[in-house]
Amino acid sequence: MVWPVPDLEETPDPEIRRESDAERRRRRAQFLRELHEAKALRDRVQPRRARAARMRQAMRMRTFRW
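Conventions we followed
Residues numbered from 1 in each chain as written. Predicted model: local features only at pLDDT ≥ 70, side-chain atom pairs only at ≥ 80, totals over all residues. Heavy atoms only, no water. Helix = DSSP H or I, 4+ residues; strand = E, 2+ residues; numbered from the N terminus. Areas by Shrake-Rupley, 256 points an atom, 1.4 Å probe, with all protein chains shown as cover. Salt bridge = Lys/Arg side-chain N within 4 Å of Asp/Glu carboxyl O. Buried < 20%, exposed > 50% of the residue type's maximum accessible area, 1.4 Å probe, protein only. Patch = residues over 30% accessible without salt bridge, like charges linked within 9 Å, V, L, I, M, F, W, Y side chains within 5 Å.

Caption draft 1: Broad picture of the overall build of the chain. Along its length, the chain carries two helices and zero strands. Counting every atom, the chain has about 7000 Å² of accessible surface; 57% of that belongs to carbon and sulfur.

Caption draft 2: Geometry of the pattern of salt bridges. Inspection of the entire model under this criterion finds two salt bridges. When the shortest N-O distance is used, the salt bridge between R26 and E23 registers 2.8 Å. Highlighted residues: R26 and E23, both in helix α1 (residues 14-45), separated by three residues, approximately one helical turn. Here E23 and R27 are joined by a salt bridge, their closest N and O atoms 3.9 Å apart. With E23 and R27 both in helix α1, this residue pair falls four residues apart, about one helical turn. The exposure class assigned to R27 is partly exposed, which follows from its relative accessible area of 48%.

Caption draft 3: Geometry of a nonpolar patch on the surface. On the surface, F31, L32 and L35 cluster together to form a nonpolar patch covering roughly 260 Å² of accessible area. When you line up the elements, F31 lands in helix α1.

Caption draft 4: Local environment of the environment of D43. Following the sequence through the fold, D43 ends up in helix α1. Remark: the alpha-carbon pair of D43 and A53, spanning 10 residues in sequence, is separated by 9.6 Å.

These values are about where atoms sit, not about what they do.
See below:
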């Protein structure tokens, strides 16, 4: 589903544009906080999978060439 987005470039009032940018950043920050919380919860309830993921990441870092 695509949400209708008003044309902010055509809006004569620059305050509306700044408000929407601030609102977008606030919503993005909230989303990232919730995403981090969900990942932390998944790691707590699936410790074996989380450990395997850490091991894979460590192996990737060891084999990475600078």
